[in-house]
Structure formats: C-alpha cells, structure tokens
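# Summary of the model geometry
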Amino acid sequence: MTEQQEAKLPFQAEVSRLLDIVANALYSDKEVFLRELISNSADACDRLRYAAITRPELTEDGAELGIRLIVDKDARTLTVSDTGIGMNRDELIANLGTIAKSGTSAFLSSLGDAKKDLNLIGQFGVGFYAAFMVSDKVTVVSRHAGEAEAWRWVSEGKGEFTVAAAEKPVRGTDITLHLKEGEDEFLEEWRLRQIVTKYSDHISVPIRFGTDAEAENLNHAAALWTRPKSEITADEYKEFYHHVAHAFDEPWATLHWRAEGVIDYTALLFVPKNKPFDMADPNRKHGVKLYVRRVFITEGTEGLVPPYLRFLRGVVESEDLPLNISREMLQLSPILAKIRAGVTKRVLGELAKRAEKPEDYAEFWATFGAILKEGLYEDRENRAELFKAVRFRSTSGEGLVSLADYVGRMKPDQEAIYFLTGDNAANLRNSPHLEGFLARGIEVLLLTDSIDEFWPAVAHDYEGKPLRSVTRAGDDLAKIAPAEGKDEEKPETAPEGEVANLIALMKTVLGDAVKDVKVSPTLRESAVRLVAGEGAPDIHLEKLLRMHGQLQEATPHVLEINAGHSLIREMAKRASADGAGDTLTDRIWLLLDQARILEGDAVLDPNAFARRLASVLESGIG
C-alpha cells in the first residue's frame, strides 16, 4: 500500500490527554458510551438525508437508513453500524484524531483532579472517546456516500492511530469495540436493549439488534418533538436533550410547543444548566437544529435564533419551508424570519416567567445572564420583553433585582435609574462614586459585565426613566430630597476662596495629566475621585477599549475633590497661606495616583509614587 493508503499518525496532544482521562473512568456510568455512539450515528443519517435532497445519487446503493448493534461473542466485539453519510480518509483523521474546537486546553486544564466530573466532558462534546472506557481497541471502517473507497481507522487509545484502505460494500460507518475484560454485559442483547430504551428511544432512525433484515426495532424511531407533550416523560425529554446537545448535564428548562396559523412549526428547545467553554464567543453558533418535514436541514442556522440566545439547544421543525432550500436563500426567507420572531418571544416569555422564582433563576442568570444582556444592545424589537427577563445586582443588597423592582423603590423626586459599571460588585459597593447616592438612600445598579458598558447608551430608558451613570449624575443629587425627609449631614467645607486657590494650584501642578480639577457634588468620605470629561467615554469603558486594542492612549480625566474632607481642607489652607511647596506638590500627585488606584488603573509613575509616598510618611512621623 502507498503512504496515502496506510499511515500511522499521532493523536493531537489534547486528544491523548483526554483519552487518558476517559480511560480512567471519567464517566460515573459506563453504559453512556453506547448512547454517544448511537447519537453520532443518528447525526450521520440525518446529514445524509439532507444531502440526498439535492444529490439523490448518494443513496443509490439502496441501503436503508438505520443503525444496527452487532455482537460477536467469540471475538468479544460490539459493532455500532450505521448507513449514514460516512467519512473519507481526511474526515476520519480530522474527526477522530483531533479536537477541532477552540478552548481545548482550557477544558483539559479545568478538569484538574476532578476527573469524574460528568458535566465538563459533556460541555465539550467528545462522546466518541467514551468507547475507550469499555474497550482496549476501537476499529472504525467508513465509506463516504458517493465515494468508492472505504477507510479503516484503528487505535488502542494510547497516543496514536492507524489509517488504511479497507473494503466496505455500502456507505456508512462501522465502529467496532474490542471489549476489555469484565465488560461482557455489553455483549448481551437484553442489556443493549435496556440501554437503547433508556437513552435512545427517541432516535428517529430504526435501531436494530443483529444483521437479520426482519429484526424488530429496539426504539420507537419516532421524532420526539412530533409526539404530544402528554405522552412524553421527563426522562424522555432529558435523554433527547443529551442526544441533541451532546451534553451530560440536565436541562435547566424545557420548552415544547406547536405553533399553528399563518406559519406552522414545532419547537422543542432546552436551556442547559452548564455553559460551554466557548459560549462567551459572540461568533459561536447556537445549537438548534432545523428540520423540514422530518428531514434534517442544518444546525446553527443564522437567522433561526438571535445570537444572544445561542445557549439554546434543540429542534425546530417547519412544515412550510421548501426541502431543497439553499443556505443562502434560507437566511433571507421571510418564513424563517417569522419562525425566529415566534421562537424569540416564546423563549423570552418563558424566561420572564421563570424569573419570578428568584432562587431558581439565579442559577440561570449566573450562567447565561451576560449573554442574554447582549440582546438589550442588539434587539430593539424585543427590548421590552428582555427587560422583563434581565436581572441586576444593586446597592439594595437584596440579591438579583429587576428594573421593575428598582423603579418601584425609586424616591418620589428621583427621575433616573442610576448605575455604576466595573469589574466586580464587591469593589463597586465601596466605590467613592456611590457615596452621595448612598447618603441620600438612592439605589444604584452594579453592572459588572462587558456588555454593560454599551447597552444603556442604546436602550436609553426603561418605561420613561432614563438610564444614567452615577459618574455623570452628581448634579442630580441636589434635586432629590435626603433620605427619610432629613437634612443630609455634611462635613464642614473649606472656604470657597481657599478651595479655589487649591484647585488653581492643582491644575498648575498636574498640567496635562488631568483634563480639569473641580469640587465634587457626590463625595462624602473619600478625598478624591476621577470622572470622565464631557463627551469622553466612561473610565471603565475606556479601560476595556484599551485592553482590546480599540483605543491606543488614555484620555486625561477630571479630578474631583471633596471640599469637606479634612485632608483637602488642610491642603486648601496651606495653598492659600504658603503657595506651592514640595510637600504640597507631592500630596497633589499622590491624590491623583490614589484616584487612579480606586479606578483600578496603575499609577502614572511608580518610582515617583514610591518616592512621594515615602516623603509624605516621613514628614508625618517627623
């Protein structure tokens, strides 16, 4: 044979490590290996059924679509054979020798010592390798539909595999497991029948035992989503989710409905409990499969589900789309647009309903909340429905709150919904930006996701109440009555003339390092804070833009001082009495560095900062 016909190749490094983990009982229940192999075979049959719409010659060999479980007790082998689309040489190498998916290394490193975490492996979708739990050698013989050549892939799961030419009379794939000692239960028909009934009864192609043409089906071979909800058990829904999502967790929510009217379609959708590793990637496609009259068309169709619902898994079947529609035409189809609108409204409505149970919803929100909020930026048409489903942390300390909750607690003379963005809620709670608002009993939303920097500017308001950052809303405080009708206690401030002298000196000392220096309307305890200048992006947004290379240089910000702080009062007195001096100049620079640190930024000059700090400490001791 030529080199092209036979070759011994190494696994991708990540696959070798993964096989080692799988072989050491990652799964708590070994029988799931059969579910995964059957699920892959069913997908291969679906892909052939779709491809044959435009290329009927692919099925000219006459083989009926289906899956067979073939046992050889003497050889101690179990073969999962399908008549699906099959694989050629390159596909065997690509599909079984590598994991062509981003996040591989992150996935493997996250396993650590917790190698029995069933959910992690399921999130990554590598079910084929489960075969090595029960076998010490796996042989795959496959022939791609429409091609004459067949290929054999063989591996013992120890770092390498062999690919060679083979003989196979019809299209499809045969996966033969050479069982390990002690795994003989998987050679018994009753045991295989039990596993198929438990995990794969919903598979829409027939699954049979043995090679007898008259063998009865081990499964119902009926598309689950076409059956009435009243006839489907919770376990059947769960196992279908495992199949369609290639996942091992349980669904957090199951939505099954049939829409009838101008457009008829059926949807069976799931919200997972766990988040795939690359879910945060906005380019990642959703996991919803599109069927037309029981024929699988495509998965991840652009236009079927909006990007901010890309965590959905499941099936949508249309009776109205043409079977032979191309992918290009599909994306422009008005029928698909109507299905998308219906699916989106139904899912958002269900999420809003589930959100009324805070403890249950907190689990979903922690996993997918940041992704759902992308819709506030992208989807103007459904923004009102999204507002019912989104939740936030706030200074109320009452867990997740809705905007309806917030508005219901607003002070009588409060006109806006106030928010503060940052990296984490704990740090935001201690931010100097909040001091004036907390002193007046005004609740502030604490927004910590990257998308939070963008959607408020696009959404503008909620039910007529404008969304406003506290970093730009200091002047609003004067319009709002103090908490409980009492006058807010403020510390004595420095005389206006002394403060003006200090501000003039600070502007001279700091120069271009700041855009302006002025008295803060919100500070109560902190000496200083930094805010963005007029027309400039918020400081946290600017930092994100710099991190992602969208902005090259930092913009000078406005330094606000607390005229009632003892340090500022003393500095104002000295600035008026003595003018500039080394000690006062050092303190001015240290105030700017302090404000930068509070915003999570580095000081401008670390060496100068250390020298000035030492000098001020020394003078204090003296």
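Every value quoted in this text rests on a predicted model; they were computed, and no experiment measured them. (Residues numbered from 1 in each chain as written. Predicted model: local features only at pLDDT ≥ 70, side-chain atom pairs only at ≥ 80, totals over all residues. Heavy atoms only, no water.)

Turning to the pattern of salt bridges, a few remarks are in order. Tallying each qualifying case throughout the model produces 31 salt bridges. For the salt bridge of Asp-61 with Arg-171, the shortest nitrogen-to-oxygen distance reads 2.5 Å. Taken as a pair, Asp-61 in the loop between helix H2 (32-54) and strand S2 (67-72) and Arg-171 in the loop between strand S6 (160-166) and strand S7 (172-179) lie far apart in primary sequence, 110 residues in all. Of the charged contacts in the structure, one is a salt bridge between Glu-64 and Arg-208, with a shortest N-O distance of 3.9 Å. Highlighted residues: Glu-64 in the loop between H2 and S2 and Arg-208 in strand S8 (residues 207-209), separated in sequence by 144 residues. The class of Arg-208 is buried, set by a relative accessible area of 14%. Each of the salt bridges in this network shares a partner with another, and the network as a whole consists of Glu-31, Glu-185, Arg-191 and Lys-198. (Salt bridge = Lys/Arg side-chain N within 4 Å of Asp/Glu carboxyl O. Helix = DSSP H or I, 4+ residues; strand = E, 2+ residues; numbered from the N terminus. Buried < 20%, exposed > 50% of the residue type's maximum accessible area, 1.4 Å probe, protein only.)

A separate point is the sheet that holds S8. Pairing is mixed in the open sheet, where eight strands are placed in the order S1-S6-S5-S4-S7-S3-S2-S8. Because the sheet does not close on itself, it has two edges, and the strands there are strand S1 (6-10) and S8. For this sheet, the mean angle separating the axes of adjacent strands, direction not counted, is 15°. Pairing analysis gives five bridges linking strand S4 (residues 135-143) to strand S5 (residues 150-155), with the strands arranged antiparallel. (Pairing = 2+ DSSP bridges. Axes fitted to C-alpha atoms, helices over the stretch in contact; angles between N-to-C directions.)

In this section: the packing of aromatic side chains. In the structure shown here, the tally under the stated rule is 21 aromatic pairs. With 6.3 Å between their ring centres and 65° between their planes, Phe-387 and Trp-455 make a pair best called edge-to-face. Of this pair, Phe-387 sits in helix H12 (residues 383-389) while Trp-455 is found in helix H16 (residues 455-459), placing the two residues 68 residues apart along the sequence. The two residues Phe-387 and Trp-455 agree in class, both being buried. Among the aromatic residues, ring-to-ring pairing joins Trp-252, Phe-311, Tyr-361, Phe-364, Trp-365 and Phe-368 into one connected group. Above the plane of the ring of Trp-151 lies Arg-89, whose end atom (NZ or CZ) is 6.0 Å from the centre. When the ring centre of Trp-252 is taken as origin, the NZ or CZ atom of Arg-354, which lies over that ring, is 3.9 Å away. (Phe/Tyr/Trp six-rings, centres within 6.5 Å; stacked < 30°, edge-to-face > 60°. Lys NZ or Arg CZ within 6 Å of the ring centre and 35° of its normal.)

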